[in-house]
Amino acid sequence: MNAITRIAAAQGSRPAFPEARRQRRRYRTIWVSDIHLGTRGCNAQMLIDFLDSTDSETMYLVGDIIDGWRLKRSWYWPSSHNDIVWRVMKRAKRGTRVVFIPGNHDEMFRQFAGLTFGGIEIRRNAIHETADGRRLMVTHGDEFDTVVMCHRWLAFAGDFAYETLMRLNVVINAVRQWFDLPYWSLSKHAKNKVKNAVEFISRFEEAVAHDAGERGVDGVVCGHIHTAEIRQFGDIVYYNDGDWVEGCTALVEHFDGTMEVLHWADEIAARRHVAAAPAMAA
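First things first, this report covers the structure right here in the doc. Counting restarts for each chain: residues are numbered from 1 in the order of the written sequence. Note on the predicted model: pLDDT of at least 70 is required for a residue's local features to be given, and 80 or more for side-chain atom pairs to be given and counted; whole-chain, interface and lining totals, by contrast, use all residues. By convention in this description, side-chain values take in all heavy atoms of the structure and omit both hydrogens and water.

### Some details on the packing of helix α2 (residues 44-53) against helix α4 (residues 79-93)
Line of reasoning, step 1. Two elements in contact, α2 and α4, have axes separated by 9 Å at closest approach and are oriented at 20 degrees. In terms of axis orientation, α2 runs roughly parallel to α4. Helix-helix and strand crossings are classified by hand; for α2 and α4 the assignment is left-handed. Note on element contacts: α4 touches α2 through S80, H81, D83, I84, R87 and R91, opposite A44, Q45, L47, I48, F50, L51 and D52. Lines are fitted to the C-alpha atoms to define the axes, a helix being fitted only along its stretch in contact, and any angle between axes, read from their N-to-C directions, falls within 0 to 180 degrees. Only DSSP runs of H or I with at least four residues qualify as helices, and only runs of E with at least two residues qualify as strands; both kinds are numbered from the N terminus onward. Working rule for angles: under 35 degrees goes down as roughly parallel, over 145 as roughly antiparallel, 65 to 115 as roughly perpendicular, anything else as oblique. When the near helix sits turned anticlockwise from the far one by under a right angle, the crossing is termed left-handed; a clockwise turn instead gives a right-handed crossing. Here, two residues are considered to be in contact whenever any of their heavy atoms come within 4.5 Å of each other.

### Focus on the sheet that holds strand β6 (residues 126-129)
Line of reasoning, step 1. Strand order in the open sheet formed by five strands is β6-β7-β8-β10-β9, and the pairing between neighbours is mixed. Only two strands of the sheet have a single neighbouring strand rather than two, namely β6 and β9 (229-233). With strand direction ignored, the average angle separating the axes of adjacent strands in the sheet is 25 degrees.
Line of reasoning, step 2. Where strand β8 (residues 219-222) lies against strand β10 (residues 236-240), four bridges are found, and the strand directions are parallel. From the neighbouring strand, G219 faces β10, where its bridge partner is V237. Between any two strands, at least two bridges found by DSSP are needed for them to pair.

### Considerations on α2
Line of reasoning, step 1. Remark: exposure states derive from per-residue accessible area (1.4 Å probe, protein chains only) relative to the maximum for the residue type, with buried under 20%, exposed over 50%, and partly exposed in between. The buried count for α2 comes to nine of ten residues, which makes it a mostly enclosed element.
Line of reasoning, step 2. Those residues of α2 that fall on the buried side of the exposure criterion are A44, M46, L47, I48, D49, F50, L51, D52 and S53.

### Digging into unusual backbone geometry
Line of reasoning, step 1. Of note, the phi angle at H36 is positive, near 60 degrees, even though the residue is not glycine.
Line of reasoning, step 2. Counting through the fold element by element, H36 comes out in the loop between β1 (25-32) and α2.
Line of reasoning, step 3. Relative accessible area serves as the criterion here: at 6%, H36 is assigned to the buried category.

### What to know about the nonpolar core
Line of reasoning, step 1. Counting 35 residues, the largest nonpolar core has V32, I35, L37, F50, L61 and W244 as its most contacted members.
Line of reasoning, step 2. Elements that contribute at least two residues to this core include exactly β1, α2, β2 (54-61), α4, β3 (97-100), β5 (120-122), β11 (249-253) and α9 (264-281).
Line of reasoning, step 3. The element contributing the most residues to this core is α2, with six residues. Nonpolar cores are built from buried Ala, Val, Leu, Ile, Met, Phe, Trp, Tyr and Cys residues. Side-chain atoms within 4.5 Å join them into one set.

### Some points on the packing of aromatic side chains
Line of reasoning, step 1. The criterion for an aromatic pair is that two Phe, Tyr or Trp rings (for Trp, the six-membered ring) have centres within 6.5 Å, with stacked assigned to planes under 30 degrees apart, edge-to-face to planes over 60 apart and tilted to the rest. Tallying each qualifying case throughout the model produces seven aromatic pairs.
Line of reasoning, step 2. Arranged with centres 5.3 Å apart and planes meeting at 45 degrees, the rings of F50 and W244 form a pair that is tilted. Of this pair, F50 sits in helix α2 while W244 sits in the loop between β10 and β11, and the two are 194 residues apart along the sequence. Summarising the burial analysis for this pair, F50 and W244 share the class buried.

### Here's the deal with the pairing of β8
Line of reasoning, step 1. Side chains G219 and V221 of β8 all project onto a buried face; the interleaved residues V220 and C222 project onto the opposite face, where all are buried too.
Line of reasoning, step 2. The sheet contact formed by strand β7 (residues 135-138) and β8 spans three bridges and is parallel. Looking at β8, one finds that V138 is bridged to V221.

### Side note on the sheet that holds β1
Line of reasoning, step 1. As summarised here, the arrangement of the seven strands in space is β4-β5-β3-β2-β1-β11-β12, forming an open sheet in which the pairing is mixed. One side of each edge strand has no neighbouring strand; the edge strands of this open sheet are β4 (116-117) and β12 (259-263).
Line of reasoning, step 2. Taken together, the five bridges between β11 and β12 define a ladder with antiparallel strand orientation. Bridge pairing in β12 links T249 to H263.
Line of reasoning, step 3. Running at roughly 125 degrees to β2, α2 makes contact with β1, β2, β11 and β12 of the sheet.
Line of reasoning, step 4. Of the strands in this sheet, β1, β2, β3 and β5 are in contact with α4, which crosses β2 at around 105 degrees.

### Concerning the state of the cysteines
As used here, a disulfide is simply a covalent bond connecting the sulfur atoms of two cysteines.
Line of reasoning, step 1. When two cysteine sulfur atoms are found within 2.5 Å, that pair is recorded as a disulfide. Taken as a whole and judged by the stated rule, the model has zero disulfides.
Line of reasoning, step 2. Free of any disulfide, C42 has its nearest cysteine sulfur in C248, 8.4 Å distant.

### With respect to the environment of P15
Line of reasoning, step 1. Tracing the sequence through the fold places P15 in the loop between α1 (3-10) and β1.
Line of reasoning, step 2. Not counting chain neighbours up to four residues away, the residues in contact with P15 comprise D83, W86 and R87.

### Re the pattern of salt bridges
Once their charged atoms are close, side chains differing in charge can pair, the charge on each being opposite to the other.
Line of reasoning, step 1. Any carboxyl oxygen of Asp or Glu that lies within 4 Å of a side-chain nitrogen of Lys or Arg is treated as forming a salt bridge with it. Tallied over the entire structure, the rule returns 17 salt bridges.
Line of reasoning, step 2. Among the salt bridges present, the one from D49 reaches R271, with a minimum N-O distance of 2.7 Å. A residue pair is termed long-range when its members are at least 10 positions apart, and D49 in helix α2 and R271 in helix α9 qualify at 222 residues.
Line of reasoning, step 3. Note that E121 and R97 form a salt bridge whose closest N and O atoms lie 3.0 Å from each other. In this pair, E121 is assigned in strand β5 and R97 in strand β3, connecting sequence segments 24 residues apart.

Okay, structure coming up:
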């Protein structure tokens, strides 16, 4: 049984973690990517909190939602990962336009580009028009990564090393949670400290923005490199929605066309601080 069939078979009619009853923030558009369902590094509970706290007219799933590479090696699919799929499908059923643009880790879905399943549109890439009239290309971004495109064996080797780092990240944050400390990403910290990683990110951003300019659009939204960013390259605005393994971020469009990156670990920390304030005052 392949990964797609097993995931479909695992879906139930009710989530293991019921939806939180709270006021939801409304956005015109939400972009999320690099969730990596099927891995231990996925911050599923934080993403569930995000999905239960927000809503939008349109949602883009910008690739690497499911980690097919990892699932081929060993099966890992806890109930929290089911719950994320359930929540996304429920959004589609209640009228949110959901567009799924597969990445390199969930490339097995690219064969279905142009089709719609359960109300979710599958596309190779898309053009999004903002409320203020700008045209944005939406793509995962792996086609601009020379390691993925030209040296696939090296990409798999790097994925194994990254998996090891993410296992350490899980342990570290379990300890931090025990001491009531906020979420902190070891891999993100390491990436920011390594010169080659910083240079790669910069080259990637420039390549994506250049291609967007060649296509005659006003900007581009992508994922892939797990680094949320809003950056101007001449007339092109580059947006990266980040990930839900390291940074736990999403890109959102407000109803006036304003774009913003949400750092959800910070949002949760701020909410807990507000909740704790009356107790501290007493």
